[in-house]
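The chain contents come next:
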Amino acid sequence: MKDFLVKFSLLLACFFAHQTLNAQCDVKSEVNPTGVFIETTKKEIIYFNNLYSIYSQVKHDGDNFFLVIRVNPMVKKEKYTGTMNIILENKDSVNLIFYDVKTRSKDTSISLFYKIESDQINELIKNKVSQIVMDFDQVEKTFILELHQDVIKNQIKCLMKEEEEKEKGKE
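Draft legend 1. Just the packing of helix α2 (residues 118-126) against helix α3 (residues 151-170), in detail. Put simply, α2 and α3 touch, their axes get as near as 8 Å, and they point 120° apart. One element, α2, and the other, α3, form an angle in the oblique class. Classified by chirality, the crossing of α3 by α2 is left-handed. Together, I121, L124, I125 and K126 of α2 and K153, I156, K157 and M160 of α3 make up the contact between the two elements.

Below is the structure:
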């Protein structure tokens, strides 16, 4: 009887672990205002302190991947430009070029979109992110990720897995 309970407990633990891993890959579909179908991950926190909260989200429009960084609070300005430098755990860096911005009225958060080039995808899915360096009003801010270093990597992997499953379904 003890042997049965141990095996049953192990099986139950594996089941819940599998469910938890699948829950982390929460991909949703949306249509943007121009009618383009987009796959998107849920926003997940990657950094916080007493001044800032930063969330990441990855979007895929069928052709391109985009990293969306939501910063709260952030002062809105007329024009956004520049790059975001991501320092990986292996000390390599990935420079993402600013693509677009989304602001909300009466809100201090801002969502900055950065296009991920195809050659950068492999670097981002192989390594955790240790730092993010962003340009805030001509001042470079460095955010050191301690707890959530694998979020961006996992978000990209989720969207890639979703694309692979769609391709298999077409065959």
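Draft legend 2. Structural view of the nonpolar core. Ranked by size, the top nonpolar core spans 35 residues in total, and within it I46, L67, I69, M84, I86 and M134 carry the most contacts. If you tally residues by element for this core, the top one is α3, at five residues.

Draft legend 3. Main features of the state of the cysteines. Applying the stated rule across the entire model yields one disulfide. A disulfide bridge connects C25 with C158, and the sulfur atoms are separated by 2.4 Å. Here C25, found in the loop between α1 (2-24) and β1 (27-31), pairs with C158, found in helix α3; they are 133 residues apart in sequence, far enough to count as distant.

Draft legend 4. Structural context of the packing of aromatic side chains. In total, this model carries four aromatic pairs according to the counting rule given. Centre to centre, the rings of Y47 and F143 are 5.0 Å apart; their planes meet at 65°, and the pair counts as edge-to-face. Taken together, the residues Y47 in strand β3 (residues 44-48) and F143 in strand β10 (residues 139-144) connect sequence positions 96 residues apart. Here Y47 and F143 have matching classes, each one buried. Measuring from centroid to centroid gives 5.5 Å for Y52 and F143, while their planes differ by 85°, and the two rings are edge-to-face. One end of the pair, Y52, is in the loop between β3 and β4 (53-60); the other, F143, is in strand β10, with 91 residues separating them in the sequence.

Draft legend 5. Broad picture of unusual backbone geometry. Going from N72 to P73, the amide bond is cis rather than trans, its omega being -10°. Along the polypeptide, P73 turns up in the loop between β5 (65-72) and β6 (83-88). Although it is not a glycine, K91 sits at a positive phi angle of roughly 75°. Within the fold, K91 resides in the loop between β6 and β7 (93-103). Under the relative-accessibility criterion, K91 is labelled exposed at 68%.

Draft legend 6. Molecular detail of the environment of E39. Relative to the assigned elements, E39 resides in strand β2 (residues 37-41). For E39, a relative accessible area of 4% corresponds to the buried category. Counting along the chain gives 124 residues from E39 to E163, while the straight-line C-alpha distance between them is 9.0 Å. Engagement of the side chain of E39 in a polar contact is seen with the side chain of S29, the distance being 3.1 Å.

Draft legend 7. Structural context of the pairing of β3. Pairing analysis gives four bridges linking β3 to β4, with the strands arranged antiparallel. Across the sheet, F48 pairs through a bridge with S53, a residue of β4.

Draft legend 8. Structural context of the environment of K76. Following the sequence through the fold, K76 ends up in the loop between β5 and β6. By relative accessible area, K76 is classed as partly exposed at 35%. Along the primary structure K76 and D107 are separated by 31 residues, whereas in three dimensions their C-alpha atoms are 9.6 Å apart. In this view, K76 contacts T103, R104, D107, T108 and S109; residues no more than four positions away in its chain are not counted.

So, how was this worked out
- Residues numbered from 1 in each chain as written.
- Predicted model: local features only at pLDDT ≥ 70, side-chain atom pairs only at ≥ 80, totals over all residues.
- Heavy atoms only, no water.
- Axes fitted to C-alpha atoms, helices over the stretch in contact; angles between N-to-C directions.
- Helix = DSSP H or I, 4+ residues; strand = E, 2+ residues; numbered from the N terminus.
- Parallel < 35°, antiparallel > 145°, perpendicular 65-115°, else oblique.
- Left-handed = near helix turned anticlockwise from the far one by under 90°.
- Contact = heavy atoms within 4.5 Å.
- Core = buried A, V, L, I, M, F, W, Y, C linked by side-chain atoms within 4.5 Å.
- Buried < 20%, exposed > 50% of the residue type's maximum accessible area, 1.4 Å probe, protein only.
- Disulfide = S-S within 2.5 Å.
- Phe/Tyr/Trp six-rings, centres within 6.5 Å; stacked < 30°, edge-to-face > 60°.
- Polar contact = N/O pair within 3.5 Å; in protein donor to acceptor, adjacent residues only side chain to side chain.
- Pairing = 2+ DSSP bridges.

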